[in-house]
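# A look at the structure
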Amino acid sequence: MGLYTELPNHVEEVDVIVAGGGTAGCVLAGRLAEAGVEVLIVEAGPNNHDEPTIVQPLMFITHYLPINRFTTFYQANPEKQLGGRQLAEPVGGTLGGGSSVNMMVYSRAQRADFDGWNTVGWSANEMLPYLNKIETYHGLGDRDLHGHQGPLHITNGTYNAPRCEKDFIAAANKSGIPECNNLNELDGHNGIQRALRYINHEGKRQDTAHCYIHPLLRDGKHPNLHVLVDSQVHRVLFDDNKKANGIEYKSKAEGSPIRTVKARKLVAVSCGVLGTPPVLERSGVGNPQILEKAGIQTVIADVPGVGENFNDHNIKLYGYKSSLNPEETIDAVQAGRLSTDELMRTKAKILGWNAEDVHCKVRPSASELAALSPAFQKAWARDFADVSSKPLALMASVAGFPGDPSKLAPIQYFGLSAFATNTYSRGHVHITGPNPGDPLDFVSGMLTDPEGLDLQIQKWVYKKQREIVRRMDTFRGELPISHPPFSPTSRAAIAGADRAEGLEAPLPVDQQEVVYDAEDEVVLEKWLAENVDLSWHPLGSCKMAPRDKNGVVDPSLNVYGVKGLKVVDLSIVPGSVSANTMNTACAIGEKAADIILSELGVLKE
């Protein structure tokens, strides 16, 4: 089996090196290996094969803890507009990348997203075959818009909480959001849908390492596939003609030397939105001023867009008190009242659950839009009004407190995950020195757009999600630590704050919408700036665009100014992704494989 922690001496040169074994990298390498290309993945994190906290969906809760083996946390610089906070971006730090540690939400980008990238070969119609190629779809909807023979099984999972699910859908209906089953068919919008998941019928996570790589490593038929884990890529190497011909890497084992391995055909960097720009910059590809300041002696290619255009969905997880029963939430598991060891011993069906049973894509109503700033109304008219499939935000129910409930009253909670999908602010990520261990200059840029549009979106999202949840039969009040500190005498004051259990009954059916006065608006804006976070959906730091528009790669994913070097991950995304991002990363990997196989003469047109 070609999986190593130290590369054997006979693997000195391969056809293609995939630098980074994350979500897209595993898809790419798997498809290349199937076609007979000799390929090597070099992944900084550990092997993920049959790891219980990865293959058991419920154990996703462990991957957001500060100390765990499978997640990498990138810390941003302090940012004034965020109250001086240093945001942390958790990303996959193991084989399979984010697909190994995420919440397994099946969520596709919109037609407006792909078409909005304005790139030949990457329109929605051109990407649909790749969206279909990744999946074996077991849900409702138009069969022609889904795949049925792909590696990733898309199902409802093995567990859900029907009462909570129905309650949230009914409340959304009351707030003007209808139920549908086409939110993942490119054009569905402003609706709510019962969730599908990257979980198979046996209740196991469908990550790209287990579905694209491990089967090939174990079938005895693919000696052309090599996977090196626990080894960090330092930089790409080039010949005198500026053609990428290998990489420099170092095992994480103590005392290991820096080693090189050669690529006959090309190198594909797939280290992720926060990992790919540093690899390129350490290789001498980027903005010469940044490279010189970081001590990079040789500039191979002047590509100023490297590391720019960083963006992420701006998220907040809201907590509520509820009248749900213990078996309808994951609170007991998160708080340690229910043993995960016992769940695994008994093979409990709840292990096949991600606690996220419903999601929706939403746009503001005319009256809600009128309440936002004139600047935002102008932006809406320009960017959204005539693009009906473009949502302003995504929301999802969470059956339990969306965080650590161990210090909360031992009741059952309900969570609401809400994130803005089409943000206006941009940040950057750059190296500050020549070595992988040197600190990064990482600025999220969140809420820095000059007209305050992103803050307006967050204000609308807060009010919208709150109105929905307050109409649930199981609602028993807002959890104070998850909401702004409105004055107790304000009409916007939170409900049920005087009892740990919250309200004794749901709010009246004819409950009016919350009214926010000028003081409440100030409180809300300040609280949002101090609490909105990154959503683990980073994008765009090596965007696919013309070089004179700060692009880093062309439509064939070639890095400008050099040969034999491609980028294959979510850093190439030039615009928005109105969805959780795993699906898009997989499609990028599939399309990249076709591009490379065609260039190598393996794939016939």
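Residues numbered from 1 in each chain as written. Predicted model: local features only at pLDDT ≥ 70, side-chain atom pairs only at ≥ 80, totals over all residues. Heavy atoms only, no water.

## Concerning the overall build of the protein chain
- Within the protein chain, the regular secondary structure consists of 15 helices and 23 strands.
- Here the protein chain has a C-alpha radius of gyration of 24 Å; the compact-globule value for 605 residues is 25 Å, and the two agree.
- A fraction of 72% describes how many contacts in the protein chain between residues 6 or more apart in sequence connect residues 24 or more apart.
- Accessible surface, the protein chain: about 23100 Å² in total, of which carbon and sulfur atoms supply 50%.
- Positive and negative side-chain charges in the protein chain, numbering 58 and 73 respectively, have mean positions lying 1 Å apart. (Helix = DSSP H or I, 4+ residues; strand = E, 2+ residues; numbered from the N terminus. Rg over C-alpha atoms; globule rule 2.2 N^0.38 Å. Contact = heavy atoms within 4.5 Å. Areas by Shrake-Rupley, 256 points an atom, 1.4 Å probe, with all protein chains shown as cover. Lys, Arg positive; Asp, Glu negative; His and termini not counted. Charge placed at Lys NZ, Arg CZ, Asp CG, Glu CD.)

## Here we look at unusual backbone geometry
- The phi dihedral of asparagine 309 falls on the positive side, at around 70°, and the residue is not glycine.
- Along the chain, the position of asparagine 309 falls in the loop between strand E14 (301-302) and strand E15 (314-322).
- For leucine 447, which is not a glycine, the phi torsion comes out positive at approximately 65°.
- With respect to the helices, strands and loops of the structure, leucine 447 is situated in the loop between strand E20 (440-443) and helix H13 (453-469).
- The class for leucine 447 is buried, based on a relative accessible area of 14%. (Buried < 20%, exposed > 50% of the residue type's maximum accessible area, 1.4 Å probe, protein only.)

## Some details on the packing of aromatic side chains
- One pass over the structure, following the stated rule, counts 17 aromatic pairs.
- Among the aromatic side chains, those forming a connected cluster through ring pairs are Tyr318, Tyr462, Phe486, Tyr516 and Trp527.
- When the ring centre of tyrosine 318 is taken as reference, the NZ or CZ atom of lysine 316 above it lies at 5.8 Å.
- A cation over an aromatic ring shows up here: lysine 463 above the ring of tyrosine 516, its NZ or CZ 4.8 Å from the ring centre. (Phe/Tyr/Trp six-rings, centres within 6.5 Å; stacked < 30°, edge-to-face > 60°. Lys NZ or Arg CZ within 6 Å of the ring centre and 35° of its normal.)

## Digging into the nonpolar core
- If you look at the biggest cluster of nonpolar residues, it comprises 168 residues, and the most contacted ones within it are Val285 and Leu565.
- When residues of this core are assigned to their parent elements, the largest contribution, 10 residues, is made by helix H15 (residues 582-599).
- Those residues in contact with leucine 565 that lie beyond four places of it in its chain are Val236, Phe238, Ala244, Val267, Val269, Leu280, Leu557, Asn558 and Val559.
- With 5 residues, the next largest nonpolar core counts Leu408, Ile411, Tyr413 and Leu479 among its residues. (Core = buried A, V, L, I, M, F, W, Y, C linked by side-chain atoms within 4.5 Å.)

## A look at helix H12 (residues 374-383)
- Within the span of H12, buried status applies to Phe376, Ala379, Trp380 and Asp383. Projected onto a plane normal to the axis of H12, the buried residues spread over an arc of 105° and lie on a single side. In H12, the exposed positions that point more than 90 degrees away from the buried face belong to Pro374, Lys378 and Arg382.
- Among the structural elements, helix H11 (366-370) and H13 are those in contact with the buried residues of H12. (Arc of directions from axis to C-beta.)

## Topic: the confidence of the model for the protein chain
- Within the protein chain, residue pLDDT values average 96, and 100% of them lie at 70 or more.
- Considering each helix and strand of the protein chain separately, the mean pLDDT is smallest for helix H10 (residues 340-345), with a value of 91, and largest for strand E23 (residues 565-567), with 99. (pLDDT = per-residue confidence, 0-100.)

## Quick word on the layout of surface pockets
- Considering only enclosed or pocket space, the second largest pocket measures out at about 990 Å³ in volume.
- It is E15 that contributes the most residues to the lining of the second largest pocket, 3 residues altogether.
- Residue composition of the lining of the second largest pocket, by class: 20 nonpolar, 6 polar and 4 charged. (1 Å grid on protein atoms, 1.4 Å probe; cavity = no way out; pocket = protein on both sides within 12 Å on 5 of 7 lines; lining within 4 Å. Points joined across faces, edges and corners; volume = space filled by probe spheres on them. Nonpolar A, V, L, I, M, F, W, Y, C, P; charged D, E, K, R; others polar.)

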